[in-house]
There are 2 protein chains.
Amino acid sequence: MKNLCDAIEQYIKEMLRTAGEDFIEIRRNSLAEQLGCVPSQINYVLETRFSLERGYLVESRRGGGGYVRIVRRRVGTGRDAVETVFSEVRDAISRAKAEGYIHMLEEEGLVSAREAMLLRRAVGDGVSWVARVDRDSARARILRSMLLGLLGEPQPYNGREA
Amino acid sequence: MKNLCDAIEQYIKEMLRTAGEDFIEIRRNSLAEQLGCVPSQINYVLETRFSLERGYLVESRRGGGGYVRIVRRRVGTGRDAVETVFSEVRDAISRAKAEGYIHMLEEEGLVSAREAMLLRRAVGDGVSWVARVDRDSARARILRSMLLGLLGEPQPYNGREA
DNA sequence: GCTTTTGACTAACTTTGACTTTCAATACAA
DNA sequence: TTGTATTGAAAGTCAAAGTTAGTCAAAAGC
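With that out of the way, let us pick up the pattern of salt bridges. Close approach of charged atoms allows side chains with opposite charge to pair. According to the stated counting rule, one finds 28 salt bridges over all chains in the structure shown. The partner of A:Glu99 in a salt bridge is A:Arg95, and the shortest N-O contact between them spans 3.3 Å. Of the two residues, A:Glu99 and A:Arg95 are both situated in helix H5 (residues 95–107); the distance of four residues between them amounts to about one turn of the helix. Of the residues examined, A:Glu99 reaches a relative accessible area of 26% and is grouped as partly exposed. Notably, a salt bridge pairs B:Glu14 with B:Arg17, separated by 2.4 Å at the nearest N-O pair.

Listed below in structure tokens is the structure:
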């Protein structure tokens, strides 16, 4: 693996795969030691690769007997999952979060690789022309509209521009 | 070789030829060092010699473990149609025209029904919040960005993992 | 005049480590 | 016993440093 955090991501995902449950518990420090990295690197990976949007939940406790629990978030299957994302995308969303959701939908098999690409394009480069300050809300509107489409809502259009 | 960028072009093409895959991954800085040029020269070559029109696609990532991936696109099989639409969608496009193009792509089997829906959503409802005067150009930017993405993906229906 | 070459500056990600906070267990005092 | 202070073992935070790649415009070659 060419970089640490990808390796850590894979390692954790493998643990999740082999675990009987849909969560695992680790000790941050010993995992870091096993993987030969500083403990805070684990936090970085959890933030960037196991975010809520990507379909994970991280709980932890400090002190003696502390732990980090990584839970596969139940986001529903099929329609439910898309609905969940739709309701969680409010009036504004950062690029990273949007891409997190798209990543999750793709991983869950709810959109194909090509569909995921179209979503990513629309909320990525597709809004790069919008002034920085308005970009997050532009993204949210486009993403929500596309999600509605995935849910099968008809799109109003009377042939003229509304 | 009379100039640097031709040499770099040949070098990269040779790498593509000998690679088993239809893409290669390089590290910009080390390639530059191997070839005895400044790193930004690589970008220049990629822009001028490995452009979309010439049948290539370039993706990259920065930071630790960063890379530049150069993909040779398969030609034919209707790709020309996507390219045509891409080049015809200039800096602004009406909703009706956009829908027309999307419909055509769908009829030609270049995008699936769902993909067409996503395109329609993005350039329809997705830009309804934009001030009317700017809507056509917003539409064009989003559509072009999405089409660009389509050019880099395998065809629908026979799709493999990206 | 066009293309090519260069390099200073910028942006995006990653890695590290010093410092902080929280918690459980234990020790101690009343 | 009961409440409280101490302590050590976790995990969290944050900013600096490191590692890539991108941009842009000036300079250099046709």
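On to the interface of chain B and chain A, then. Taken together, the 40 residues of chain B in the interface contact 33 residues of chain A. Overall, the association of chain B and chain A removes approximately 3200 Å² of surface from exposure, summing both partners, and the carbon and sulfur fraction of that is 58%. The tally of links from chain B across to chain A stands at two salt bridges. Residue B:Glu115 is joined to A:Arg114 by a salt bridge in which the shortest nitrogen-to-oxygen separation is 2.9 Å. One can count ten residue pairs in polar contact (both at pLDDT 80 or more) joining chain B with chain A. Residue assignment for the side of chain B that touches chain A shows that the elements contributing at least two residues are helix H5 (95–107), helix H6 (113–123) and helix H7 (132–151) of chain B.

As a matter of local geometry, DNA strand C sits amid 24 residues, with A:Tyr44, A:Arg61, B:Tyr44, B:Arg49 and B:Arg61 nearest to it. Sugar and phosphate atoms represent 62% of those atoms of DNA strand C found within 4 Å of the protein. In the environment of DNA strand C, a base oxygen lies 2.7 Å from a nitrogen or oxygen atom belonging to the side chain of A:Arg62. Of all elements in the fold, only helix H1 (4–18) and helix H3 (39–49) of chain A together with helix H1 (4–18) and helix H3 (39–49) of chain B reach the threshold of two or more residues within the surface near DNA strand C.

This next bit is on the layout of surface pockets. All names here are of chain A. Its volume calculated, the second largest pocket comes out at about 320 Å³. Around the second largest pocket, the lining comprises 14 residues; the ones closest to its centre are Arg28, Arg61, Arg62, Tyr67 and Val68. When its residues are assigned to classes, the lining of the second largest pocket shows four nonpolar, six polar and four charged.

In the vicinity of DNA strand D lie 27 residues, with A:Arg27, A:Arg28, A:Asn43, B:Arg28 and B:Asn43 positioned nearest. Within 4 Å of the protein, atoms of DNA strand D come from sugar and phosphate in 67% of cases. Here A:Arg62 contributes a side-chain N or O atom positioned 3.0 Å from a sugar or linking oxygen of DNA strand D. Side-chain polar atom of B:Arg27 to a phosphate oxygen of DNA strand D: 2.9 Å apart, as the coordinates give it. Of all the secondary-structure elements, those providing two or more residues to the surface near DNA strand D are helix H2 (28–35), H3 and strand S2 (56–61) of chain A together with helix H2 (28–35), H3, strand S2 (56–61) and strand S3 (67–72) of chain B. Its residues assigned to classes, the surface near DNA strand D shows four nonpolar, 15 polar and eight charged.

Basis of the calculations
Every chain begins its residue count from 1, and numbering advances along the sequence as written. Chain labels run from A onward and ligand labels from 1 onward, assigned in the order the entries are written. Note on the predicted model: pLDDT of at least 70 is required for a residue's local features to be given, and 80 or more for side-chain atom pairs to be given and counted; whole-chain, interface and lining totals, by contrast, use all residues. Side-chain numbers here rest on the full set of heavy atoms in the structure, without hydrogens or water. Whenever Lys or Arg places a side-chain nitrogen within 4 Å of a carboxyl oxygen from Asp or Glu, that contact is recorded as a salt bridge. Where helices and strands are cited, they refer to DSSP runs of H or I of at least four residues and of E of at least two residues respectively, numbered from the N terminus. Burial classes: relative accessible area under 20% of the type maximum marks a residue as buried, over 50% as exposed, and values in between as partly exposed (1.4 Å probe, protein chains only). Contact criterion: two residues are considered in contact whenever any of their non-hydrogen atoms come within 4.5 Å of each other. Summed over both partners, the accessible area lost on bringing two parts together, with a 1.4 Å probe, is the buried area. Counting of polar contacts relies on pairs of N or O atoms within 3.5 Å, with two restrictions inside protein: one atom must be capable of donating a hydrogen and the other of accepting it, and residues adjacent in sequence are counted only when both atoms are side-chain atoms. Here, proximity means that at least one heavy atom of the residue falls within 4 Å of the molecule or strand. Lining residues are defined by having an atom within 4 Å of a point belonging to a cavity or pocket. Those points lie on a 1 Å grid over the protein atoms alone, cavities being sets where a 1.4 Å probe fits but cannot get out and pockets being open sets with protein on both sides within 12 Å along at least five of seven lines. Grid points are joined across faces, edges and corners, and a volume is the space filled by probe spheres set on the points. Charged residues are taken to be Asp, Glu, Lys and Arg, nonpolar residues to be Ala, Val, Leu, Ile, Met, Phe, Trp, Tyr, Cys and Pro, and polar residues to be all remaining types, Gly included.

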